[in-house]
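Residue-level structure breakdown
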Amino acid sequence: DMNLVNLSTSIHRLAKLAAVQVHWQPLLGFNEVVGHLLATIHSKLVQAKVNSNLPQSLSNIAWSLAAIQVQDEKVLSLIADLALKAIDGFKPYELSTLLWAFAKLHGSEGLPPSAQRVFFAAANQTSKVQTFSFRSLANIVWAYATAGVRHFRLFANIAREMIRTADSANCQGIANTIWAFSTAGHIDKKLFVVLTQAALPIMDEFKGQELSSMLW
């Protein structure tokens, strides 16, 4: 009998394969194996208790659903409820991945109440932004902007940290950050100047979509 850690690892591996073989993604949503796996995951989430392994499992499952474009509302609702209870135990990458996944799945239509509560709880983790990588911070601001969740203090704190760590930013991180801050209506001129300076040496590495996001 597989536990939640094993199940989350299994669906994560399947989703990573789908990320490489993009044409698999629409098919996996209707796959019997995936359906059975999600049904088993649902039953384990119902019984789940908060422990040190839970945040990573929740993050992996949420990312997997976003990667294979499957909106299993029952599973997602349980993930949100459990994440709220375990919010203090999430590592930076786990938290940013969870928020990214909810925004990816629900962004265009608005977050359900359970996911909204996770976003508001996560925003209260602003005192920890110094422990987050630039990539994780970029994913977080992208998630908030995509989901339409406004939080001035969070964006202000993240901007300060991003200015400090901009030299570690890649093309996607820079583009997503500028798009997110602009979309959220949080114009931080100092951050934009620093990101523009970070972008100049790697300008030829930007994809067309990344450049259009920056100029949006």
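Here we summarise the structure given alongside this text. Keep in mind that this is a model prediction, so the values were computed, not measured.

1. Let's talk about the packing of helix H8 (residues 134-147) against helix H10 (residues 171-183)
It is at 8 Å that the axes of H8 and H10 come closest, and there the two elements cross at 35°. Helix-helix and strand crossings are classified by hand; for H8 and H10 the assignment is left-handed. Between H8 and H10, the residues in contact are Phe134, Ala138, Val141, Trp142, Ala145 and Thr146 and Gly173, Ile174, Asn176, Thr177, Trp179, Ala180, Phe181 and Thr183, respectively. Each residue belonging to the contact of H8 with H10 can be placed in one class, and the counts come to nine nonpolar, five polar and no charged.

2. Some words on the packing of aromatic side chains
Each aromatic ring pair is specified by the distance between its two centres and by the angle formed by the two planes. For the structure shown, the criterion picks out three aromatic pairs. Seen in terms of ring centroids, phenylalanine 155 and phenylalanine 181 are 5.0 Å apart; in terms of plane orientation they differ by 65°. Their pairing is edge-to-face. Within this pair, whereas phenylalanine 155 is found in helix H9 (residues 152-165), its partner phenylalanine 181 is found in helix H10, the two being separated by 26 residues in sequence. For phenylalanine 155, a relative accessible area of 2% translates into the label buried.

3. Considering the pattern of salt bridges
A pair can form between side chains of opposite charge whenever their charged atoms are brought close. Enumeration according to the criterion identifies one salt bridge in this entry. Among the salt bridges present, the one from arginine 164 reaches glutamate 161, with a minimum N-O distance of 2.5 Å. Taken as a pair, arginine 164 and glutamate 161 lie in helix H9 at a separation of three residues, close to a single helical turn. Under the relative-accessibility criterion, glutamate 161 is labelled buried at 5%.

4. Some thoughts on the nonpolar core
A general trend in soluble globular proteins is that nonpolar side chains are found buried together. Residues Ile41, Ile79, Phe119, Tyr144 and Ile174 are the most contacted members of the largest nonpolar core, which totals 82 residues. In terms of residues, this core owes the most to one element, H8, which gives 10 residues. Not counting the four nearest positions on each side in its chain, phenylalanine 119 is found in contact with Leu99, Phe102, Ala103, Leu111, Ala143, Tyr144, Ala147 and Val149.

5. A short note on empty space enclosed by the protein
According to the stated counting rule, one finds one cavity of 30 Å³ or more in the structure shown. Empty space within the largest cavity amounts to approximately 60 Å³. Lining the largest cavity are Leu95, Leu99, Ala122, Gln125, Val129, Phe132, Ile140, Tyr144, Leu154 and Ile158. Contributing elements (two or more residues each) for the lining of the largest cavity: helix H6 (92-106), H8 and H9. Classifying every residue of the lining of the largest cavity gives nine nonpolar, one polar and no charged.

6. Some thoughts on the layout of surface pockets
If you add up the space inside the largest pocket, you get close to 1100 Å³. What lines the largest pocket is a set of 32 residues, among which Trp100, Arg135, Asn139, Gln172 and Asn176 lie closest to the centre. Breaking the lining of the largest pocket down by element, the ones donating at least two residues are helix H1 (4-20), helix H4 (54-67), H6, H8, H10 and helix H12 (208-214). If you tally residues by element for the lining of the largest pocket, the top one is H4, at six residues. Of the residues in the lining of the largest pocket, the class split is 12 nonpolar, 14 polar and six charged.

7. Let's talk about H8
In this model H8 runs 20 Å from its N-terminal to its C-terminal C-alpha over 14 residues, within 8% of the 20 Å that 1.5 Å per residue would give. Where burial is concerned, most of H8 is hidden: 12 out of the 14 residues are buried. Here H8 has its buried residues at Phe134, Ser136, Leu137, Ala138, Asn139, Ile140, Val141, Trp142, Ala143, Tyr144, Ala145 and Ala147. On its buried face, H8 is in contact with H6, helix H7 (113-123), H9, H10 and helix H11 (189-199). Following H8 by one or two positions, glycine 148 has its phi on the positive side, about 75°.

Conventions and cut-offs
Residues numbered from 1 in each chain as written. Predicted model: local features only at pLDDT ≥ 70, side-chain atom pairs only at ≥ 80, totals over all residues. Heavy atoms only, no water. Axes fitted to C-alpha atoms, helices over the stretch in contact; angles between N-to-C directions. Helix = DSSP H or I, 4+ residues; strand = E, 2+ residues; numbered from the N terminus. Left-handed = near helix turned anticlockwise from the far one by under 90°. Contact = heavy atoms within 4.5 Å. Nonpolar A, V, L, I, M, F, W, Y, C, P; charged D, E, K, R; others polar. Phe/Tyr/Trp six-rings, centres within 6.5 Å; stacked < 30°, edge-to-face > 60°. Buried < 20%, exposed > 50% of the residue type's maximum accessible area, 1.4 Å probe, protein only. Salt bridge = Lys/Arg side-chain N within 4 Å of Asp/Glu carboxyl O. Core = buried A, V, L, I, M, F, W, Y, C linked by side-chain atoms within 4.5 Å. 1 Å grid on protein atoms, 1.4 Å probe; cavity = no way out; pocket = protein on both sides within 12 Å on 5 of 7 lines; lining within 4 Å. Points joined across faces, edges and corners; volume = space filled by probe spheres on them. Expected span 1.5 Å × (residues − 1).

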